[in-house]
Amino acid sequence: MSNVLGIKNLHISVQGKPIIKGLNLSVQQGEIHALMGPNGSGKSTLAKGLMGHPLYEVDSGEVIFDGVDVLELEPNERAKLGLFLAFQYPTAIPGVSLANFLRLAVSAVRGKGVNGSEKDGLIPMREFRRELREKMQQLGVDDSFARRYLNDGFSGGEMKRAEILQLAMLEPKIAILDETDSGLDIDAVRIVGESVSQLIGPDLGVLIITHYPRLLDYIRPQFVHILLDGRVVESGGWELTQVLEAEGYDPIREKHGIDE
Amino acid sequence: METSEKNAMEELGVSKEYQYGFHDDIKPTFKSRKGLDEGVINQMCDIKGEPDWMRQYRLEAYKIFKQKPMTKWGGDLSQLDFDDIYYYVKASDRSERSWDDVPDDIKKTFDRLGIPEAERKFLAGVGAQYDSEVVYHNIVEELDKIGVVFLDTDTAVKEYPDLVKKYFGTIIPSADNQFAALNSAVWSGGSFVYVPPGVKVEYPLQAYFRINSENMGQFERTLIIADEGSQVHYVEGCTAPTFSSESLHSAVVEIVCMKGSRVRYTTIQNWANNVYNLVTKRAFAYEDAQMEWVDGNLGSKLTMKYPSVYMMEPGARGDILSIAFASKGQHQDAGAKVYHCAPHTTSQITSKSISKDGGRSSYRGWVDVAKGAKGCKSHVVCDALILDKHSRSDTYPVIEIGENDTNIEHEARVSKIGEEQLFYLMSRGLSEEEASTMIVNGFIEPLVKELPMEYAVEMNRLIQLQMEGSVG
């Protein structure tokens, strides 16, 4: 059975300032949604709020996934439930190799934590290595990646590919891609776009958050939403991106009476 | 033995001696009275059967010790009572302690660290008989073939008096500091290593194996002489908490790196929380020689330890990598000292400290470049990681430069575990504790990767233990 991430009348503030102001959205496993909005419309706030960042205060509203009240959960519990956030700016963890980190993360998310039956509570090294190698080949990521310290000294493109590799390994039900195309050159966008499209299937729902439709050339969404001033003001299909491309956000702002 | 058990046995008419026959193996033992005077030192020399020169050396050092005022810098030593310490306990005496006497939390830690049964007993100061004795003898035989001497220092005084006499106390004289004087007066155990010219010892020499000597004593004295072009890696200590009923550990380690030699000295120490760990470690590195200290300090009440390298001739190099983990009620005052006494010498100091649960860690460093020592390079990096707002980290760097033509860099960073780092790792399914542990392990990775494999694995597990319950 496919699950729905249901967001109802969500309000999120940052340091007392309301950013998300009554947002409604639902994303089902297997669906691809694009949420587009200009800078300052609340895109990243939504992404971090959904994943449970402590600085992003949920004032009201609800987020339900798989019948569970997501807002009650710690970020790691949300991950275990099947949510994933690809960060716009991934954080470096010096001294921790991508492989070591991923083994612990994968073990945690698949419920092979400390109480699991496996030794050390981790998935067996051999099994993990095989899987990691497969996914890295699939995504065209170099072998040396696994040994490098997580995001430490990574280029913009490398960081985004590391995020997609994590997405592939953690096998979430719903993935939120926060500006995954930002700061990348054309080639890097293509590589990332192609990588993500390889992962798309009936078990993965994707919410692509972006202010620029480049990534959508590679991952064609079935649903497109426009985010302005903390709310989804328009929803439609692919044609909405065409309207945006042609006219920008101004006509939509005007239509909804929103100041820039 | 449990009283009830004893009573039960008596009721059954079973002789205690019979049931616990191994107690009969106890060798004649000796423990000096508490406190220190010339009588105690003389008694010690008598029992050890030491040559007169060493007795004189000890008595001379004792005189110096008496004249030295209590050390006022570094950590708080006001609770240290020199009169309340046993200065000499013969090794076999220690083995009298029974496994039942070892505190439960320490037993549990051994368990969690996955330390083999036999080693646990030794580490807890219980076992006198231990399989690795065989291992040690095999190693010594191998070393013998290539002319390497690896003995406890007491034995070396008797078997290699000329070598010991030539170097003992030349790197760290008795008058160097209060605790060097004390150690010189009452030292016991420690290792003596001599590596002949051109010999490269392929595997690390581990003090660990030498368990029937008094190596894990309170006042060990280690002397390593690496002759020209030789190479050796010495490893001491272990990650398991060292159970000690005595509250003062004061070692002296002297190292001579002759021309073109290379010595690495690795220490991992995790003393019980009642111990003052006051250690003097110093190496002289001659032409093109390279000395590396890798020093990990966990546990203890107060540690004051600053491994140093004196670069005596051109081309010498000193590398010091130190890490300190200060937890509740602990003060780690650790660091490094380098003295560029000759031109074209190079040093690198990397210090990493972690403070948690109100622990305090201090970096105390000294970089000295002598007048005329042209073309020297020194690079110092101090990183401190503070895990909560109750904990503390200080840096006390001193740089003394008597020569313009030098290149000295000093970098210091203090960081807290960032909310962004935690959130990132937690969003991938790690609990807050797992995430913090991972960040700390990453922080000390530069040290851990320098450790022999088995120590590295234990070190990571130990950090995990230290981090447990640290997150609300």
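Residues numbered from 1 in each chain as written. Chains lettered and ligands numbered in written order. Predicted model: local features only at pLDDT ≥ 70, side-chain atom pairs only at ≥ 80, totals over all residues.

### Some details on the interface of chain B and chain A
Logical step 1: Contacts between the two partners involve 20 residues from chain B, matched on the other side by 24 residues from chain A.
Logical step 2: Of all elements in the fold, only helix 12 (419-426) and helix 13 (432-448) of chain B reach the threshold of two or more residues within the side of chain B that touches chain A.
Logical step 3: Counting residues per element, the side of chain B that touches chain A draws most heavily on helix 13 of chain B, at eight residues.
Logical step 4: Of the residues that constitute the side of chain B that touches chain A, the class distribution is nine nonpolar, six polar and five charged. (Contact = placed C-beta atoms within 7 Å. Helix = DSSP H or I, 4+ residues; strand = E, 2+ residues; numbered from the N terminus. Nonpolar A, V, L, I, M, F, W, Y, C, P; charged D, E, K, R; others polar.)

### Concerning the packing of helix 5 (residues 156-170) of chain A against helix 6 (residues 186-199) of chain A
All names here are of chain A.
Logical step 1: Closest axis-to-axis distance for the helix 5/helix 6 pair is 10 Å, and the angle between their directions is 0°. Taken together, the axis directions place helix 5 and helix 6 in an arrangement best described as roughly parallel. Taken together, the residues of helix 6 that come into contact with helix 5 (itself represented by Gly157, Lys160, Arg161, Ile164, Leu167 and Ala168) are Ala188, Ile191, Val192, Ser195, Val196 and Leu199. (Axes fitted to C-alpha atoms, helices over the stretch in contact; angles between N-to-C directions. Parallel < 35°, antiparallel > 145°, perpendicular 65-115°, else oblique.)

### A closer look at the sheet that holds strand 15 (residues 346-355) of chain B
Residues and elements named next belong to chain B.
Logical step 1: Spatially, eight strands are ordered 3-5-8-10-13-15-17-19 in an open sheet, and the strand pairing comes out parallel. Two strands lie at the open edges of the sheet, namely strand 3 (205-206) and strand 19 (406-416), each paired on one side alone.
Logical step 2: As defined by bridge partners, strand 10 (residues 290-299) adjoins strand 13 (residues 317-326) across nine bridges and the pair is classed as parallel. Paired with Gly296 across the strands is Ile323, a residue of strand 13.
Logical step 3: Along the sheet, helix 13 contacts strand 10, strand 13, strand 15 and strand 17 (376-386); its crossing angle with strand 15, the most-contacted strand, is approximately 155°. (Pairing = 2+ DSSP bridges.)

### Points about the environment of Ser41(A)
Residue and element names in this part refer to chain A.
Logical step 1: Structurally, Ser41 can be placed in the loop between strand 3 (32-36) and helix 1 (43-51).
Logical step 2: Residue class for Ser41 comes out buried when judged on the 24 C-beta atoms lying within 10 Å of it.
Logical step 3: C-alpha separation for the pair Ser41 and Glu260, spaced 219 residues apart in sequence, amounts to 9.6 Å.
Logical step 4: Residues within four places of Ser41 in sequence aside, it is in contact with Leu227, Leu228 and Asp229. (Buried ≥ 20, exposed ≤ 12 C-beta atoms within 10 Å, placed from the backbone.)

### Overview of the sheet that holds strand 8 (residues 205-210) of chain A
Within a beta sheet, neighbouring strands are joined by backbone hydrogen bonds and run either parallel or antiparallel to one another.
All names here are of chain A.
Logical step 1: On the basis of which strands lie adjacent, the open sheet formed by six strands has the order 6-7-8-3-9-10 and mixed pairing. The sheet is open, and its two borders are formed by strand 6 (83-86) and strand 10 (231-236), each paired with just one other strand. Put simply, the sheet's adjacent strands are angled 20° from each other on average, direction ignored.
Logical step 2: As paired elements, strand 3 and strand 9 (residues 223-228) share four bridges and run parallel to each other. Bridge pairing in strand 9 places His33 opposite Phe223.
Logical step 3: Packed on one face of the sheet, helix 1 meets strand 3, strand 6, strand 7 (174-178), strand 8 and strand 9 and runs near 145° to strand 7.

### As for the nonpolar core
Logical step 1: One finds Ile176(A), Val186(B), Ile255(B), Cys257(B) and Ala285(B) to be the most contacted residues of the largest nonpolar core, which totals 187 residues.
Logical step 2: Ignoring anything within four residues of it in the chain, the contact list for Ala285(B) reads Cys257(B), Gln290(B), Met291(B), Val309(B), Tyr310(B), Met311(B), Met312(B), Ala316(B), Arg317(B) and Gly318(B). (Core = buried A, V, L, I, M, F, W, Y, C linked by C-beta atoms within 7 Å.)

### Considerations on the pairing of strand 13 of chain B
Residues and elements named next belong to chain B.
Logical step 1: Within strand 13, 10 of the 10 residues are buried, which leaves it mostly tucked inside the rest of the structure.
Logical step 2: What you see with strand 13 is no split at all: Arg317, Asp319, Leu321, Ile323 and Phe325 on one side and Gly318, Ile320, Ser322, Ala324 and Ala326 on the other are buried throughout.
Logical step 3: Bridge count for strand 13 against strand 15 is 10 bridges, and the pairing is parallel. Looking across to strand 15, one finds that Ile323 is bridged to Lys352.

### Details of helix 1 of chain A
Residues and elements named next belong to chain A.
Logical step 1: Counting buried residues along helix 1, nine of its nine residues qualify, which places the element largely inside the surrounding structure.
Logical step 2: Every buried residue of helix 1 is accounted for by Lys43, Ser44, Thr45, Leu46, Ala47, Lys48, Gly49, Leu50 and Met51.
Logical step 3: Directly beyond the C-terminal end of helix 1, a positive phi value near 95° is found at Gly52.

### Remarks on the domain arrangement of chain B
Logical step 1: Here chain B is partitioned into domain 1 (16-305) and domain 2 (418-466).
Logical step 2: Going through the elements one at a time, helix 6 (104-113), strand 8 (262-271) and strand 10 of chain B are the ones with two or more residues in the side of domain 1 of chain B that touches domain 2 of chain B. (Domains from an automatic or database assignment.)

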